[in-house]
Amino acid sequence: MRFDILTIFPEALRDLLSTGILGQAQASGVIDVRLHDLRSFTDDPHRIVDDRPYGGGAGMLMKVEPFVTGIESIKASGDGKRRTVLLSPQGRLFRQADAADWARLDGLILLCGRYEGVDERIIEFVDEEISIGDYVLAGGEVAAAVVVEATARMMPGVVGKFDSIESDSFYDKPRLGAPQYTRPPEFRGLRVPEVLLSGDHAKIEAFREAQAWKKTTRNRPELLGLSLEETTKHG
Ligand code: ADE
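Small disclaimer: the values here were computed from a predicted structure and weren't measured.

Turning next to the environment of G80. Mapped onto the secondary structure, G80 falls in the loop between α3 (64–76) and β5 (82–93). Separated by 25 residues in sequence, G80 and L105 have C-alpha atoms that sit 7.9 Å apart.

If you want it as structure tokens, here you go:
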């Protein structure tokens, strides 16, 4: 799968997306990450990508033309089933289910905004506007990295054991993964739950299931449709 990222800071993403499992996935050819400098799609000598907003207001907006020229150039260099996504705090929230869906595409084109956002006309040239959470980042680069990493993990051959994906938080149920432990069996008086040392796989599975629900109730009650009040009752 190909990931094309349009950004004014391609160098900021290079190391991050070449490290660990993403680096291995690139080396083995499962994913192909292409970073594009948005400024190379400008047509003025100063390579300007931003301008003042019409109607006034603080800060600068990203211009629409470099993004559209960039999208068109990227689309001309490949084919297959692709999706073009603008990263922005005004977008629909990105979820695990999107990562799983997008992992089946041939390509994802990710647009990183900066400053106060992008000229709204960009919406006509993208399939979707996506946010990674209800907070405002300085730009879409970190959000694009989040989308690449979450999506790539869902592709066969990227995470060593596909099994380890199935026990992830959010994998097929709206709940968190179970707490895990490794050696030593006791650390500063804190013991690993005995059942995990028992070798009884059915019991271990049941224990993990119960712990996962407990943790979800405590940390993310809204995933279970519970209010905070109900959560405190459940402990
Ligand atoms: N750019 C700035 N904030 C963002 C967010 N929360 N998600 C995606 N892109 C962003």
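Once the structure has been displayed, the description carries forward.
The next subject is the sheet that holds strand β7 (residues 128–131). Strand order across the open sheet formed by five strands is β2-β1-β6-β5-β7, with parallel pairing between neighbours. Across the chains shown, the open sheet's two edge strands, defined by having one partner strand only, are β2 (32–37) and β7. Neighbour-to-neighbour, the strand axes of the sheet open up by a mean angle of 30 degrees, direction not taken into account. Where α3 meets the sheet, it contacts β1 (2–7), β2, β5 and β6 (107–112), and its direction lies at approximately 160 degrees from that of β1. The sheet strands contacting helix α5 (residues 141–153) are β1, β5 and β6, and the helix crosses β6 at an angle near 160 degrees.

On to the nonpolar core. In globular proteins that are soluble, nonpolar side chains generally tend to be buried together. With 33 residues, the main nonpolar core has I5, L108 and L110 as its most contacted residues. Residue assignment for this core shows that the elements contributing at least two residues are β1, α2 (20–27), β5, α4 (96–102), β6 and α5. When neighbours within four sequence positions are excluded, L110 is seen to be in contact with D4, I5, L6, V85, L87, A144, V147 and V148.

Below, the discussion takes up the pattern of salt bridges. Evaluation of the coordinates by the stated rule reveals 16 salt bridges. Between D4 and R82 there is a salt bridge, with the nearest N and O atoms lying 3.9 Å from each other. With a gap of 78 residues between them, D4 in strand β1 and R82 in strand β5 connect regions that are remote in the sequence. We note that D4, like R82, is buried. In this structure, E65 and K63 form a salt bridge, with 3.8 Å as the shortest nitrogen-oxygen distance.

With respect to the helices, strands and loops of the structure, S18 is situated in the loop between α1 (10–14) and α2. Since its relative accessible area comes to 44%, S18 is described here as partly exposed. Once you skip the residues sitting within four places of it in the chain, S18 turns out to touch G23 and Q26. One polar contact links the side chain of S18 to the main-chain carbonyl oxygen of R14, over a distance of 2.7 Å.

So, on to α2. Within the span of α2, buried status applies to L22, G23 and A25. Relative to the axis of α2, the buried residues are bounded by an arc of 160 degrees and lie together on one face. The outward face of α2, more than 90 degrees from its buried face, is lined by the exposed residues Q24 and A27. Where the residues of α2 are buried, they touch α5.

Bringing the site of the ligand into the picture now. Residues in contact with the ligand, as listed here, are L87, S88, P89, I130, S131, I132, G133, Y135, V136, L137, G139 and A143. In this structure, G133 approaches the ligand through a main-chain N or O atom, which is 3.2 Å from a nitrogen atom. When the free accessible area of the ligand is taken as 270 Å², the share hidden by the protein chains comes to 96%. Listing elements by their share of the shell around the ligand, those giving two or more residues are β5 and β7. No other element matches β5, which puts three residues into the shell around the ligand. When the residues that make up the shell around the ligand are grouped by side-chain class, the tally is eight nonpolar, four polar and no charged.

Procedures and definitions
Residues numbered from 1 in each chain as written. Predicted model: local features only at pLDDT ≥ 70, side-chain atom pairs only at ≥ 80, totals over all residues. Heavy atoms only, no water. Helix = DSSP H or I, 4+ residues; strand = E, 2+ residues; numbered from the N terminus. Pairing = 2+ DSSP bridges. Axes fitted to C-alpha atoms, helices over the stretch in contact; angles between N-to-C directions. Contact = heavy atoms within 4.5 Å. Core = buried A, V, L, I, M, F, W, Y, C linked by side-chain atoms within 4.5 Å. Buried < 20%, exposed > 50% of the residue type's maximum accessible area, 1.4 Å probe, protein only. Salt bridge = Lys/Arg side-chain N within 4 Å of Asp/Glu carboxyl O. Polar contact = N/O pair within 3.5 Å; in protein donor to acceptor, adjacent residues only side chain to side chain. Arc of directions from axis to C-beta. Near = heavy atom within 4 Å. Areas by Shrake-Rupley, 256 points an atom, 1.4 Å probe, with all protein chains shown as cover. Nonpolar A, V, L, I, M, F, W, Y, C, P; charged D, E, K, R; others polar.

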